[in-house]
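Survey of secondary and tertiary structure
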Amino acid sequence: EEILGKRIFRLEAMQKGIDKSERYLNMVREYETSLVFGAFIKKAVIPEIKLNEEDIKAYYEAHGSEFTYPEMVKLEAIAFKNMKDAETTLEKLKQGDDFNWIRENAEGQADKDEKGVLHFGGDILVVTELPEDLQKTISGVKAGDYRLYAGQEKYYYVLAVRDQTPPRKQTYEEVRESIAKQVFGK
């Protein structure tokens, strides 16, 4: 169908004389010029450009913040309708109660399907993409910590930090190829 469509389109355009219009001929000339220019760049200019390892390393050092893995956390949460129930649950968890048992049995929980209730679900989250108040709440956490978070929709959350990955700079070897392309482009 695609091949047939192209052939019919071309035949119709030729019958209407589009291939003889000044606009069409200008577009063809511009396209041909760009092809010739591209071929010239590939054969004459690109071979003359030589990247050396020092330039690539210098770019890596100068733009180190661009090559950093962000801090990430894996959170689970129990949502409550009032602060008192959330605080009581947080204390129980700090004393060693089981998170999963509490999630199934704690009093005062918000219905998971209620509008505005946040779902963390144990997913890995990039900290900088979280709401600013939540970022402050989980600042400095490590795996196994519990925190209390007052959400923006009048719900209170007991957060369980299942995993935390601190930010780290990518190694030069990990990003060398992408840096080389950037330096070459410049």
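Scroll up for the structure.
In short, a report on the structure. Everything numeric in this text was worked out from a predicted model, so none of it was measured. In this numbering scheme, every chain counts its residues from 1 along its sequence in written order. With the structure being a predicted model, the display of local features is reserved for residues of pLDDT at least 70 and the display and counting of side-chain atom pairs for 80 or more, all residues being used for whole-chain, interface and lining totals. Side-chain figures throughout are based on the complete set of non-hydrogen atoms in the structure, without hydrogens or water.

**Some thoughts on the environment of Lys112**
Counting from the N terminus, the helices are DSSP H or I runs at least four residues long and the strands are E runs at least two residues long. Note on placement: Lys112 falls in the loop between helix 5 (99-105) and strand 3 (124-126). In contact with Lys112, other than residues within four places in its own chain, are Val117 and His119. Contacts are assigned to residue pairs with any non-hydrogen atoms lying within 4.5 Å of each other.

**Brief notes about the pattern of salt bridges**
In what follows, salt bridge is the name for a side-chain nitrogen of Lys or Arg lying within 4 Å of a carboxyl oxygen of Asp or Glu. Within the structure shown, the criterion is met by 12 salt bridges. Between Glu132 and Lys136 there is a salt bridge whose closest N-O contact spans 4.0 Å. Placement of both Glu132 and Lys136 in helix 6 (residues 132-137) is noted, with a separation of four residues, approximately one turn of the helix. A 1.4 Å probe rolled over the protein chains alone gives each residue an accessible area, and that area as a share of the maximum for its type sets the label: buried under 20%, exposed over 50%, partly exposed in between. The exposure class assigned to Glu132 is exposed, which follows from its relative accessible area of 57%. Linking Asp145 and Lys142 is a salt bridge whose minimum nitrogen-to-oxygen distance equals 3.6 Å. In this structure, a network of salt bridges that share partners links the residues Glu53, Arg176 and Glu177.

**Some remarks on helix 4 (residues 83-94)**
Each residue after the first adds 1.5 Å to the expected span of a helix. For helix 4, built from 12 residues, the straight-helix expectation of 16 Å at 1.5 Å per residue is met to within 8% by its first-to-last C-alpha distance of 16 Å. For helix 4, every residue scored as buried is listed here: Ala86, Thr89, Leu90 and Leu93. Buried positions in helix 4, seen along its axis, are confined to an arc of 105 degrees and lie on one side of it. Packed against the buried residues of helix 4 are strand 2 (72-80), helix 5, strand 4 (146-150) and strand 5 (156-165). N or O atoms within 3.5 Å of each other form a polar contact, as long as, within protein, one can give a hydrogen and the other can take it, and as long as residues adjacent in sequence are counted only when both atoms are side-chain atoms. If you check the start of helix 4, you find a side-chain oxygen 3.2 Å away from the backbone N of Lys84, and it comes from Asn82. Following helix 4 by one or two positions, Gly96 has its phi on the positive side, about 110 degrees. Starting at the helix axis, one direction is taken to each C-beta atom, and the arc is that of these directions.

**Quick notes on the pairing of strand 4**
Judged from the five bridges that link them, strand 4 and strand 5 form a sheet pairing that is antiparallel. The residue bridging Ala150 from the neighbouring strand is Tyr156, located in strand 5. Strands were regarded as paired on the criterion that DSSP finds at least two bridges between them. From the end of strand 4 to the start of strand 5, which pair antiparallel, there are five residues, and Lys154 there has a positive phi angle of about 70 degrees.

**Topic: the nonpolar core**
The term nonpolar core refers to a set of buried residues drawn from Ala, Val, Leu, Ile, Met, Phe, Trp, Tyr and Cys, joined through side-chain atoms within 4.5 Å. One finds Val73, Phe120, Leu134, Ile138, Tyr157 and Leu159 to be the most contacted residues of the largest nonpolar core, which totals 17 residues. Going through the elements one at a time, strand 2 and strand 5 are the ones with two or more residues in this core. When sequence neighbours within four positions are dropped, the list of residues in contact with Leu159 reads Glu76, Ala77, Phe120, Leu134, Thr137, Ile138, Asp145, Tyr146, Arg147 and Tyr149. Counting residues in hydrophobic clusters, the runner-up holds 10 residues, among them Ile78, Ile102, Tyr146 and Ala160.

**Quick notes on the packing of aromatic side chains**
Pairing of aromatic rings covers Phe, Tyr and the six-membered ring of Trp, with a centre-to-centre limit of 6.5 Å; geometry is then stacked below 30 degrees between planes, edge-to-face above 60, and tilted otherwise. As enumerated under the stated definition, the model contains six aromatic pairs in all. An angle of 75 degrees between the planes, with centres 5.4 Å apart, marks the rings of Tyr60 and Tyr172 as edge-to-face. Separated by 112 residues along the polypeptide, Tyr60 in helix 3 (residues 53-62) and Tyr172 in helix 7 (residues 172-185) bring together distant segments of the chain. The residues Tyr60 and Tyr172 share a single accessibility class, namely buried.

Remember, this is a structural readout, not a statement about activity or role.
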